[in-house]
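Remarks on the overall topology
Listed below, chain by chain, are the residues.
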Amino acid sequence: MIRIHNVLVSPGEGGVYGERMLDGYRVWDPYRSKLAALYTVGTGIELAPAMRVLYLGAANGTTVSHVADYVDTVYAVEFAPRPMQDLLEVARRRRNIVPIMADAGKPEEYAHFMEPVDLVYQDVAQPDQVSIAERNLPFLLPGGWLVLMLKTRSVDVRRDPEDVLAEARDALARRLEVVEVCWLDPYHLDHAAIVCRDRR
Ligand code: SAM
C-alpha cells in the first residue's frame, strides 16, 4: 500500500467525499474506513492492479472508492436506497466500480453479474455476518482472500466481544485459512478484522 510521510493514501482523483490530498494522492483515513484502519493497526492484504473485488456493504462508496484506486474492478453490493444513490454517483465518475443493488445474503440475486474474484471484502454490520460471508465464498478464486469486518455488537450486544470474535474466527477456519485477526480500535470500537485465505 502507498504511504507518504507514513500517511496511507490511494492513487486516484480526489473530491469523492471531501478527503484531503497529499502530493497528488488521496488520504485514506483510518477513522473513516475500516480497511484503512486494518492497514494502520495490522497487515491486511496487498491490493494489486489486476485484482477483482466483491465488496459487500458498499454504503456510499467511501472505502469502495479507495479500493477502486488500487484494483482492476470492484463489484459493490449495497441494499439500502439512500447510500446507493451516493454510490451510483461515485461509480459514475469511475470506470471500474460496478454498483449492484442487492442483498448480500442472497448472492443468487447478483451471481449473473459476477465473475470470479480475488478478494471478498465484507462490512455489513448484521447479526449473520459470518453466514453472509460464507454464502459469497463461491465467488472466490482458488487462493483468494476474504476480509471480514466483524461488528461484534451487531452479532450480540450482550455477549463478550472476544467470544463473538472467537466464534466467528472458528466458523471461518472450518473453510478457510485464518491468517490475521485484529481489533480496529482506537479507530473503530467493537470492530475486528478477520483476514482469511482460500486453501485451494
Ligand atoms: N463499507 C462502508 C465503508 O467503509 O465506506 C461502510 C459500510 S456500513 C458499516 C454497512 C453497510 O452495509 C450499510 O450501508 C448497509 O446498508 C449495508 N448492508 C447491510 N446489510 C446488507 C446486506 N445484507 N446486503 C447489502 N448491503 C447491506
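The following refers to the structure shown. (Residues numbered from 1 in each chain as written. Predicted model: local features only at pLDDT ≥ 70, side-chain atom pairs only at ≥ 80, totals over all residues. Heavy atoms only, no water.)

Consider a sheet: its strands pair through backbone hydrogen bonds, and that pairing is either parallel or antiparallel. Strand order across the open sheet formed by four strands is β1-β2-β4-β3, with antiparallel pairing between neighbours. Each edge of the sheet is formed by a strand with only one pairing partner; in this case those strands are β1 (3-4) and β3 (21-22). Bridge count between strand β2 (residues 7-10) and strand β4 (residues 25-27): two bridges; the pairing is antiparallel. Among the inter-strand pairings, Ser10 is bridged to a residue of β4, identified as Arg26. (Pairing = 2+ DSSP bridges. Helix = DSSP H or I, 4+ residues; strand = E, 2+ residues; numbered from the N terminus.)

Looking now at the side chain of Thr73. As for its position among the elements, Thr73 is in strand β6 (residues 73-78). A polar contact of 2.6 Å, which involves the side chain of Thr73, links it to the side chain of Asp72. For Thr73, the residues in contact, after removing those within four places along its chain, are Met51, Arg52, Val53, Asn96 and Val98. (Polar contact = N/O pair within 3.5 Å; in protein donor to acceptor, adjacent residues only side chain to side chain. Contact = heavy atoms within 4.5 Å.)

Taken together, 16 residues sit near the ligand, with Tyr55, Thr63, Glu78, Ala104 and Gln126 positioned nearest. Contacts to the ligand include Tyr55, whose side-chain N or O atom sits 2.6 Å from a nitrogen atom. Within the contact set of the ligand, an oxygen atom lies 2.6 Å away from a side-chain nitrogen or oxygen of Glu78. Starting from 610 Å² of accessible surface for the ligand in isolation, the protein chains cover 84%. Per-class residue counts for the shell around the ligand are eight nonpolar, four polar and four charged. (Near = heavy atom within 4 Å. Areas by Shrake-Rupley, 256 points an atom, 1.4 Å probe, with all protein chains shown as cover. Nonpolar A, V, L, I, M, F, W, Y, C, P; charged D, E, K, R; others polar.)

Glancing now at unusual backbone geometry. At the junction of Asp185 and Pro186, the peptide bond is cis and its omega measures out at 10° in the coordinates. Structurally, the position occupied by Pro186 is in the loop between β10 (177-183) and β11 (191-197).

Attention now moves to the sheet that holds strand β9 (residues 140-151). In space, the seven strands of this open sheet follow the order β7-β6-β5-β8-β9-β11-β10, with mixed pairing throughout. What marks the edges here is a single partner per strand, and that holds for β7 (97-101) and β10. Averaged over neighbouring strand pairs, the angle between their axes works out to 15° when direction is ignored. The pairing of β10 with β11 spans six bridges and is classified as antiparallel. Within the sheet, the bridge partner assigned to Trp183 lies in β11 and is Ala192. (Axes fitted to C-alpha atoms, helices over the stretch in contact; angles between N-to-C directions.)

The quantities given are spatial measurements derived from coordinates; they are silent on function.
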